[in-house]
Amino acid sequence: MYKVVRWRVVQGGVMRNKGAVGIVLTIFGTSILFITAHLRAHASKVKERNFDAIRIANTLDFSRYNTKQETATEKEEINVDCTDKIDCAFWFGDLNYRVMCERDVAEKSIRNGILEPLILSDQLLDQLREKTAFKGFTEAPIRFPPTFKF
């Protein structure tokens, strides 16, 4: 059993039809952040998706509800990643990262239930490894085939 002590919903900056909404729950003194986001589409837009994610993390402001009572100067508070000041954070949504392999390879892998070739060409996992987006985040093991585009 648990009790939600306080909560706050904040919408990020307007980015055409893309963007995010975040909510912070403080449960027994632990802050938990949930961000749901819709990032740019198309296989070639990896850098733009990374930029969108960084912009969202720097735009959502939960400083008023920060349970990590760190002190910072006003200058340090500008463009601070909101996930850095939260105990536990989760990203969800249509992040639009793609699997970058030939369609016939993807279809054969799916048909045979062999996900390794797909995982090795997953854009999001590449970005996590390179630390170009979602720094400090990990993804659970992938045990299902792609659900949209290859």
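Above: the structure in question.
Enquirer: Mind laying out the packing of aromatic side chains, listing which residues take part and the relevant values?
Expert: Using the criterion set out here, one finds five aromatic pairs in the structure. Measuring from centroid to centroid gives 6.3 Å for Phe-90 and Phe-92, while their planes differ by 25°, and the two rings are stacked. Look at Phe-90 and you get partly exposed, because its relative accessible area is 35%. When the ring of Tyr-97 is compared with that of Phe-134, the centres are 6.2 Å apart and the planes differ by 70°; the resulting orientation is edge-to-face.

Enquirer: Summarise helix H5 (residues 123-130); cite the residues concerned and give the values.
Expert: All of the buried residues in H5 are Gln-123, Leu-124, Leu-125, Gln-127 and Leu-128. The N-cap residue of H5 is Asp-122: its side-chain oxygen and the backbone nitrogen of Leu-124 are 3.0 Å apart.

Enquirer: How would you sum up helix H1 (residues 46-59)? Please name residues and give values.
Expert: Taking 1.5 Å per residue, 14 residues should reach 20 Å; H1 reaches 20 Å between its end C-alpha atoms and fits that length. Of the surrounding secondary structure, the elements contacted by the buried residues of H1 are strand E2 (19-27), strand E3 (30-38), strand E4 (88-94) and H5.

Enquirer: Tell me what's going on with the nonpolar core, and back it up with residues and numbers.
Expert: Core analysis: the largest hydrophobic core is formed by 22 residues, its most contacted members being Ile-35, Leu-39, Ile-56, Trp-91, Tyr-97 and Phe-134. If you list the elements that add at least two residues to this core, you get E2, E3, H1 and H5. By residue number, the principal contributor to this core is H1, which donates four residues.

Enquirer: Kindly report on the pattern of salt bridges, identifying the contributing residues and their values.
Expert: All told, the structure shown has three salt bridges when counted by the stated rule. Close ionic contact of Glu-107 with Arg-103 constitutes a salt bridge, the shortest N to O distance being 3.0 Å. Taken together, the residues Glu-107 and Arg-103, both in helix H3 (residues 103-112) and four residues apart, mark about one turn of the helix. A relative accessible area of 33% means that Glu-107 is categorised as partly exposed. Residue Arg-103 is classed as exposed on the basis of its relative accessible area of 52%. Among the ionic pairs, Arg-129 bridges to Asp-126, the shortest N-O distance being 2.4 Å.

Basis of the calculations
- Residues numbered from 1 in each chain as written.
- Predicted model: local features only at pLDDT ≥ 70, side-chain atom pairs only at ≥ 80, totals over all residues.
- Heavy atoms only, no water.
- Phe/Tyr/Trp six-rings, centres within 6.5 Å; stacked < 30°, edge-to-face > 60°.
- Buried < 20%, exposed > 50% of the residue type's maximum accessible area, 1.4 Å probe, protein only.
- Helix = DSSP H or I, 4+ residues; strand = E, 2+ residues; numbered from the N terminus.
- Polar contact = N/O pair within 3.5 Å; in protein donor to acceptor, adjacent residues only side chain to side chain.
- Expected span 1.5 Å × (residues − 1).
- Contact = heavy atoms within 4.5 Å.
- Core = buried A, V, L, I, M, F, W, Y, C linked by side-chain atoms within 4.5 Å.
- Salt bridge = Lys/Arg side-chain N within 4 Å of Asp/Glu carboxyl O.

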